[in-house]
Amino acid sequence: MNRNIMLIISLLAMNHIFSQQIPDTIYNPEIPAKMYPKNSGTMIHIDQGHRNFHTKNNRFLPFAKLLSKDGYRVASFEGEFKKDKLKNLKILVISNALSENSRPPFVAPTESAFSTNEIHNVKEWVKNGGSLFLIADHMPFAGASANLAKAFGFKFYDSFVMDPDVRGIFDFSRKNKMLSHNMITNGRTAKEQVNHIRTFTGQGFETPKEAISILNLKKEYTVFITDTMWVFNEKTPKISAENLSQGAVLEYGKGRIAVFGEAAMFTAQIAGRERIKVGMNSVEAGENYQLLLNLIHWLDKAY
């Protein structure tokens, strides 16, 4: 079968599956050494003021439940990123934001989810000690957060990244050297060490030289810079994913930022009529939850 036809069939199938995502409410992994006693930890705010695809009580419910189990307090963030609203925040999570005007079918150019003033406020907040967890998936989410990422030196491509089999499934491990060795993947103890991570499509991005890339894409992977979400053909511009990252961290001023190009890896979802497990609940992503905990501990400045 022609590779272009295979690409279209594969992407149509993934679009059908991923468009029907609901949270897996029974996902409940064990945490051997919890960071805080119940409801006593640092407050984490999850943005839902920017038409976010993932919010605390919907598709990021397993995300919020896991962090609550680790002792953190988790709340939603409403509205714009104003200085007076940000100043008392410790950790802010932004996942798959969109502009107020965004509506399907999503076509390029993608409008920023954040105003210039909001980006300035978030940048200053991090510089002064705040911790930001920015997650932006494939097009149009990458494009919607590109200006915010740029403020910290990251370059997002409003795109889809694919493996040679056009599955959009990536396995990062110490063995294949796509998962880097650092304080986050090593954790605080041997029990928190992460050896394998699975992600589900998403984007690849460039990092500033001061950043530490955790998830390293390979040159065999392709970044498709499509002008319409889930629409691909032989004329779609594409580049190699060589030297691109799908997850990185950066100390910025007195603060910290974690940037990831895929969101499903940090939640647990049931997708499609076949009820496919997508995310932390899938067998192949059994260590994803530990990476999430380690990232939050780092953002919390536990190490």
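Owing to the predicted nature of the structure, the values given are computational and were not obtained by experimental measurement. (Residues numbered from 1 in each chain as written. Predicted model: local features only at pLDDT ≥ 70, side-chain atom pairs only at ≥ 80, totals over all residues. Heavy atoms only, no water.)

Chemist: Would you explain the pattern of salt bridges in this entry?
Modeler: Side-chain pairs of opposite charge can arise where the charged atoms are in close proximity. Tallied over the full model, the rule gives four salt bridges. The partner of Arg256 in a salt bridge is Glu251, and the shortest N-O contact between them spans 4.0 Å. Overlapping salt bridges bring together Asp171, Arg198 and Glu284 as one network. (Salt bridge = Lys/Arg side-chain N within 4 Å of Asp/Glu carboxyl O.)

Chemist: I keep staring at the environment of Ala264 and nothing clicks. Help me out?
Modeler: Relative to the elements of secondary structure, Ala264 occurs in the loop between strand 15 (255-260) and strand 16 (268-271). Linking Ala264 and Gly202, residues 62 residues apart in sequence, is a C-alpha distance of 8.8 Å. (Helix = DSSP H or I, 4+ residues; strand = E, 2+ residues; numbered from the N terminus.)

Chemist: Could you clarify how one ought to interpret the packing of helix 2 (residues 61-69) against helix 7 (residues 288-299) in this entry?
Modeler: Two quantities define a packed helix pair, namely the angle between the axes and the distance from one axis to the other. Where helix 2 meets helix 7, the axes come as close as 11 Å, and the angle between the chain directions of the two elements is 65°. At the point where helix 2 passes helix 7, the crossing takes the right-handed sense. Between helix 2, through Phe63, Leu66 and Leu67, and helix 7, the contact on the second element is made entirely by Tyr289, Leu292, Leu293 and Ile296. A per-class count over the contact of helix 2 with helix 7 returns seven nonpolar, no polar and no charged. (Axes fitted to C-alpha atoms, helices over the stretch in contact; angles between N-to-C directions. Left-handed = near helix turned anticlockwise from the far one by under 90°. Contact = heavy atoms within 4.5 Å. Nonpolar A, V, L, I, M, F, W, Y, C, P; charged D, E, K, R; others polar.)

Chemist: Would you mind showing me how to read the side chain of Asp24 here?
Modeler: Position of Asp24 among the secondary structure elements: in the loop between strand 1 (21-23) and strand 2 (43-47). For the buried Asp24, no salt bridge exists, and the shortest N-O distance to an oppositely charged side chain is 5.0 Å, to Lys277. Here the side chain of Asp24 touches Ile26 through a polar contact of 3.2 Å, landing on its backbone nitrogen. Among residues more than four places away in sequence, those in contact with Asp24 are Pro62, Ala268, Gln269, Ile270, Lys277 and Asn281. (Buried < 20%, exposed > 50% of the residue type's maximum accessible area, 1.4 Å probe, protein only. Lys, Arg positive; Asp, Glu negative; His and termini not counted. Polar contact = N/O pair within 3.5 Å; in protein donor to acceptor, adjacent residues only side chain to side chain.)

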